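# Residue-level structure breakdown
Below, each chain spelled out in residue letters.
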Amino acid sequence: MSETLMRFITILGISSLVGIIFILDNYFSFIITIFIISTYAFYEWISITSKSKLYLLLFLIIISLIYSQSFIDTRIISFVTLAIWIVFIMIMYFNTNLFKYLIRKQSLAIGLFIFSSFFYLLINFFLDNNSVSNDITLVDSKYYLLFFIILISSVDIFSYLFGKIFGSFRVVPKISPNKTVEGYLGGYISTIIIYIAFCKTFGISWLSFDIIYLTLLVLLAFSGDLYISLVKRTFEIKNTGNLLPGHGGLLDRLDSYLPSISLFTLWMMI
């Protein structure tokens, strides 16, 4: 079976799982799914960075505390998370030696930040009816999350396809030799088209300012992909795991989502 076919089957399976969760419209099943995804992603992180599996317990305690603290301001968390991610990305692009040093020395702290903030922002897309859903700082809509998944999946799929078919000019070969200009341009343009088509289909108004947000979102998605690629190169591994055929580990699939979710949250809260 070809890698492209395996990727397609895996994406179809993931989409079916997401569809079932949304059709069931059950808060408990959604939260359990987010707990599992976040915990397994952190598990892959400590596995590739050679940290003790006992840190999983620490992570579970942290996200359990986060889940119980509904008073935390989502807007502030989103701003702080985005700012820290921008610092991570700037270091990655402009000082790869410093990046590798920090990843080796501070991988636990970095991992706890990445996946606990990711968990927090995810759970606020689908709040319990008994929670503080009248708080204007909360996103409170699972459909925003579905839209987010559609956009980032579009970036990933079309970047891969255009890169596979037309790719020749490498973007940052020192970070990831397989990423091409053609792939990224194809992913960006396709996502813009899908966004506009989606808005027209469902009668959603959009402004040129929204395209700027979407452009920044795509850049963060690209950077997240490169970020995990450089982590893998730092620890000399090909994939973060083998959970998803054609993709590798869960982190190989989540990489684009990790830095972009904070900007998307802020965008939807405008």
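Everything numeric here is computed off the predicted structure, so don't read it as measured data.

To continue, consider the overall build of the chain. The helix and strand inventory of the chain stands at 11 helices and zero strands. Counting from the amino terminus, the chain carries its helices and strands in the arrangement α-α-α-α-α-α-α-α-α-α-α. Residues counted as buried form 49% of the 270 residues belonging to the chain. Sequence-distant contacts, at least 24 apart, represent 74% of the contacts inside the chain between residues at least 6 apart. Total accessible area computed for the chain in this model is approximately 13600 Å², and 68% of it derives from carbon and sulfur atoms.

Okay, the pattern of salt bridges next. For the structure on display, the rule yields three salt bridges. When the shortest N-O distance is used, the salt bridge between D225 and K179 registers 3.7 Å. With D225 in helix α9 (residues 208–234) and K179 in the loop between α7 (142–166) and α8 (181–201), this residue pair connects regions lying 46 residues apart in the sequence. When its relative accessible area of 16% is taken as the criterion, D225 is described as buried. Notably, a salt bridge pairs K232 with D252, separated by 2.7 Å at the nearest N-O pair. You can see K232 sitting in helix α9 and its partner D252 sitting in helix α10 (residues 250–254), a full 20 residues away along the chain.

Let us look at the side chain of T180. In this structure, T180 sits in the loop between α7 and α8. Setting aside its immediate chain neighbours within four residues, T180 contacts G163, G167, S168, F169, R170 and V171.

Both trends apply: most residues other than glycine have a negative phi, and most peptide bonds are in trans. Positioned with a positive phi, S50 is a non-glycine residue whose angle comes to about 60°. Summarising the element assignment, S50 is placed in the loop between α2 (27–48) and α3 (55–68). Residue classification places S50 among the exposed positions, given a relative accessible area of 62%. Here E236, not a glycine, exhibits a phi torsion of approximately 55°, which is positive. Along the chain, E236 turns up in the loop between α9 and α10.

The next thing to look at is the nonpolar core. Residues W45, I114, F115, L217, Y227, F264 and W267 are the most contacted members of the largest nonpolar core, which totals 73 residues. At 13 residues, the largest contribution of residues to this core is made by α9.

Across its 25 residues, α7 extends 36 Å between first and last C-alpha, which sits within 8% of the 36 Å expected from 1.5 Å per residue. Restricting attention to buried positions, one finds in α7 the residues K142, L145, F147, F148, L151, I152, S153, S154, V155, D156, S159 and Y160.

A separate point is the packing of aromatic side chains. Here the structure, examined in full by the defined rule, presents 23 aromatic pairs. Taking the centre distance of 4.5 Å and the plane angle of 10° together, the rings of F42 and F59 count as stacked. Of this pair, F42 sits in helix α2 while F59 sits in helix α3, placing them 17 residues apart in sequence. Overall, F42 belongs to the buried group, its relative accessible area being 0%. We classify F59 as buried; its relative accessible area is 0%. Taking the centre distance of 5.0 Å and the plane angle of 80° together, the rings of F99 and Y227 count as edge-to-face. Of this pair, F99 sits in helix α5 (residues 96–105) while Y227 sits in helix α9, placing them 128 residues apart in sequence.

This part covers a nonpolar patch on the surface. Taken together, the side chains of F169, V171, V181, L185, I189 and I193 present a nonpolar region at the surface, about 550 Å² in accessible area. Relative to the helices and strands, V181 resides in helix α8.

For the rest of this paragraph, the subject is the environment of G163. With respect to the helices and strands, G163 occurs in helix α7. Counting along the chain gives 21 residues from G163 to Y184, while the straight-line C-alpha distance between them is 7.4 Å. In this structure G163 touches F158, T180 and G183, once residues within four positions along its chain are discounted.

This part is about the confidence of the model for the chain. Confidence in the prediction for the chain averages 86 pLDDT; 87% of positions are at 70 or higher. Low pLDDT, under 50, characterises residues 129–138; the stretch is placed with 13 contacts to residues that sit more than four places away or in other chains.

Take the environment of A41 next. If you trace the backbone, A41 turns up in helix α2. The class for A41 is buried, based on a relative accessible area of 0%. For the pair formed by A41 and L254, sequence separation is 213 residues and the distance between their alpha carbons is 8.2 Å. Those residues in contact with A41 that lie beyond four places of it in its chain are F115, L250, L251 and L254.

Thresholds applied
- Residues numbered from 1 in each chain as written.
- Predicted model: local features only at pLDDT ≥ 70, side-chain atom pairs only at ≥ 80, totals over all residues.
- Heavy atoms only, no water.
- Helix = DSSP H or I, 4+ residues; strand = E, 2+ residues; numbered from the N terminus.
- Buried < 20%, exposed > 50% of the residue type's maximum accessible area, 1.4 Å probe, protein only.
- Contact = heavy atoms within 4.5 Å.
- Areas by Shrake-Rupley, 256 points an atom, 1.4 Å probe, with all protein chains shown as cover.
- Salt bridge = Lys/Arg side-chain N within 4 Å of Asp/Glu carboxyl O.
- Core = buried A, V, L, I, M, F, W, Y, C linked by side-chain atoms within 4.5 Å.
- Expected span 1.5 Å × (residues − 1).
- Phe/Tyr/Trp six-rings, centres within 6.5 Å; stacked < 30°, edge-to-face > 60°.
- Patch = residues over 30% accessible without salt bridge, like charges linked within 9 Å, V, L, I, M, F, W, Y side chains within 5 Å.
- pLDDT = per-residue confidence, 0-100.

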